[in-house]
Amino acid sequence: MNKQTKIYIAGHRGMVGSAIWRKLEAEGYANLIGKTSKELDLRDQKAVTEFFESEKPEVVIDAAARVGGILANNDYPYQFLMENLQIQNNLIDLSHINDVEKFIFLGSSCIYPKHAPQPLKEEYLLTDSLEPTNEWYAIAKIAGVKACEAIRKQFGKDYISLMPTNLYGTHDNFDLKTSHVLPAMIRKFHEAKIKMEKTGHKEPVELWGSGSPMREFLFVDDLADAAYFALQNKLPENLYNIGTGKDLTIKELAELIQKIVGHEGEIIWDSSKPDGTPRKLMDVDKMKNAGWEANTYLKEGIKKTYQWFSENQDKFKEVKL
Ligand SMILES: NC(=O)c1ccc[n+]([C@@H]2O[C@H](COP(=O)([O-])OP(=O)(O)OC[C@H]3O[C@@H](n4cnc5c(N)ncnc54)[C@H](OP(=O)(O)O)[C@@H]3O)[C@@H](O)[C@H]2O)c1
Ligand SMILES: C[C@@H]1O[C@H](OP(=O)(O)OP(=O)(O)OC[C@H]2O[C@@H](n3cnc4c(=O)[nH]c(N)nc43)[C@H](O)[C@@H]2O)[C@@H](O)[C@H](O)[C@@H]1O
């Protein structure tokens, strides 16, 4: 691989894809390809076939997916299962057929069983049943991991899967129905603060579930750095967890974001909303031993994300399913 290698970043406008694009551009990669979903619907096998035949990418990074928080996953199981299978099947199979030399597949920590021992080691995959709110998405992601593993095993190609923990950062989805918890909290606390500044009354913020589940959060630029590391190095195994190895409760996260945003007022927990998996802390030793670790502190990453949110409120994506 060199700086002229033709690299296709699927989903290059999303939070993850855009971070990987920025990283590769900064490292001097001059031959990057990106297509929006309007230009190339990755669910359409014929269109993807034509794209690979005309563009002939040498390396593919799959950051395109139907993505959403706990409620979107729970409410739209078919889209989360089927669209992700269609997108990744087309990308993986056409990469294989067209002799793509390196493929990076991105999954998620929800592939591991709901009650697996903590921290989650890669070897716990498929040892027990999944968390019901996101089993549809998880099953699609597990199929992607296994497809890359099969190509690796049968054809000896460098197809690899990276499993990031919950991500956050600039260009995240701040739509309150479909987003993940961290951007939702930034938006809710910010809007309540602005309301208080206008009315003089403290505005409560409503959050979901009990606040007791634990989650680990990785800043998206760190993930881009990990993807770059995986691009530069031929890693010996097919599956690597990507995270910080540290987690906190959703209640602790709420208090941290409330402080950073500067909201004063009550937090109300809506117990009619699901908690999801109780804990999904990544064991990140395998990636550490390979030579990579995360380096952004949660507080620092949230501050950067809040700054981006404040400066880009007109750009919020409304994700409609
Ligand atoms: N966000 C997280 O917390 C998290 C955690 C772990 C793993 N991941 C993984 O990281 C990857 C990217 O997630 P993200 O957070 O960056 O999501 P995102 O911001 O929603 O971006 C998803 C991208 O996928 C593209 N896409 C969706 N459907 C498509 C289709 N039918 N055809 C073509 N492109 C399509 C979208 O393209 P357009 O913008 O052009 O429509 C978008 O750029 C996913 O594989 C996800 O599983 C995310
Ligand atoms: C990374 C992704 O994580 C997703 O699981 P998961 O961490 O529960 O997804 P999140 O939507 O981030 O929710 C994490 C926790 O935060 C709570 N929470 C509190 N307030 C809010 C809020 O306003 N919005 C949201 N969204 N949550 C909130 C939520 O109930 C849950 O316990 C999976 O569904 C995906 O498949 C994927 O794996």
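Procedures and definitions
- Residues numbered from 1 in each chain as written.
- Chains lettered and ligands numbered in written order.
- Predicted model: local features only at pLDDT ≥ 70, side-chain atom pairs only at ≥ 80, totals over all residues.
- Heavy atoms only, no water.
- UniProt positions renumbered as here; feature names shortened; annotations may be inferred.
- Core = buried A, V, L, I, M, F, W, Y, C linked by side-chain atoms within 4.5 Å.
- Buried < 20%, exposed > 50% of the residue type's maximum accessible area, 1.4 Å probe, protein only.
- Helix = DSSP H or I, 4+ residues; strand = E, 2+ residues; numbered from the N terminus.
- Contact = heavy atoms within 4.5 Å.
- Polar contact = N/O pair within 3.5 Å; in protein donor to acceptor, adjacent residues only side chain to side chain.
- Near = heavy atom within 4 Å.
- Areas by Shrake-Rupley, 256 points an atom, 1.4 Å probe, with all protein chains shown as cover.
- Nonpolar A, V, L, I, M, F, W, Y, C, P; charged D, E, K, R; others polar.

- For the protein, an unreviewed UniProt entry supplies the name GDP-L-fucose synthase and the organism Gramella jeungdoensis.
- UniProt, in the comment section headed Catalytic activity (unreviewed entry), describes the protein in these words: "GDP-beta-L-fucose + NADP(+) = GDP-4-dehydro-alpha-D-rhamnose + NADPH + H(+)".
- The annotation that UniProt attaches to the protein under Function (unreviewed entry) is "Catalyzes the two-step NADP-dependent conversion of GDP-4-dehydro-6-deoxy-D-mannose to GDP-fucose, involving an epimerase and a reductase reaction."

**Topic: the nonpolar core**
Piece 1. Counting 38 residues, the largest nonpolar core has Tyr8, Leu42, Phe52, Leu91, Phe103, Tyr112 and Met163 as the members making the most contacts within it.
Piece 2. Those elements giving two or more residues to this core turn out to be β1 (7-10), α2 (45-55), α4 (77-97), β4 (102-106), α5 (135-155) and β5 (158-164).
Piece 3. Top contributing element to this core by residue count: α5, with 6 residues.
Piece 4. Judged by nonpolar contacts, the second largest core, of 33 residues, contains Leu32, Leu218, Leu223 and Leu231.

**Looking at the UniProt feature "active site" (unreviewed entry) in the protein**
Piece 1. The sites that UniProt annotates as "active site" (unreviewed entry) are Tyr137.
Piece 2. Mapped onto the elements of the fold, Tyr137 is located in helix α5.
Piece 3. For Tyr137, the residues in contact, after removing those within four places along its chain, are Arg66, Val67, Asn73, Phe80, Asn84, Ser108 and Cys110.

**Section: the side chain of Asp158**
Piece 1. Counting through the fold element by element, Asp158 comes out in strand β5.
Piece 2. Only 2.8 Å separates the side chain of Asp158 from the side chain of Lys102, close enough to count as a polar contact.
Piece 3. Aside from chain neighbours lying at most four places away, what touches Asp158 is Glu101, Lys102, Phe103, Arg152 and Lys234.

**A word on unusual backbone geometry**
Piece 1. Omega for the bond connecting Gln118 with Pro119 falls within 30 degrees of zero, at -5°, which places this linkage in the cis form.
Piece 2. By the secondary structure assignment, Pro119 is in the loop between β4 and α5.
Piece 3. Despite not being glycine, Lys56 shows a phi value in the positive range, around 50°.
Piece 4. Take Lys56: it is sitting in the loop between α2 and β3 (59-62).
Piece 5. One non-glycine residue, Leu126, adopts positive backbone phi at about 60°.
Piece 6. Along the chain, Leu126 falls in the loop between β4 and α5.
Piece 7. Residue class for Leu126 comes out exposed when judged on its relative accessible area of 56%.

**Re the site of ligand 1**
Piece 1. Taken together, 27 residues sit near ligand 1, with Val16, Ser37, Gly107, Tyr137 and Lys141 positioned nearest.
Piece 2. Within the contact set of ligand 1, an oxygen atom lies 3.0 Å away from a backbone nitrogen or oxygen of Gly14.
Piece 3. In the complex, 89% of the free accessible area of ligand 1, which totals 900 Å², lies under the protein chains.
Piece 4. Counting residues per element, the ones that place at least two in the shell around ligand 1 are α1 (15-26), α5 and β6 (166-168).

**So, the site of ligand 2**
Piece 1. Looking at ligand 2, there are 22 residues lining it, with Ser108, Lys188, Arg215, Pro274 and Asp275 nearest.
Piece 2. Between an oxygen atom of ligand 2 and a main-chain N or O atom of Ile70, the distance comes to 2.8 Å.
Piece 3. The side chain of Arg215 places a nitrogen or oxygen atom 2.7 Å from an oxygen atom of ligand 2.
Piece 4. In isolation ligand 2 offers 710 Å² of accessible surface; the protein chains occlude 98% of this area.
Piece 5. Looking at the shell around ligand 2, the elements that each hand over two or more residues are α3 (70-75), α6 (181-199) and β7 (205-208).
Piece 6. Residue classes in the shell around ligand 2 are distributed as 10 nonpolar, 8 polar and 4 charged.

**A closer look at the environment of Cys110**
Piece 1. Along the chain, Cys110 turns up in the loop between β4 and α5.
Piece 2. Residue Cys110 is classed as buried on the basis of its relative accessible area of 7%.
Piece 3. Taking C-alpha positions, Cys110 is 21 Å from Leu207, a pair spaced 97 residues apart along the chain.

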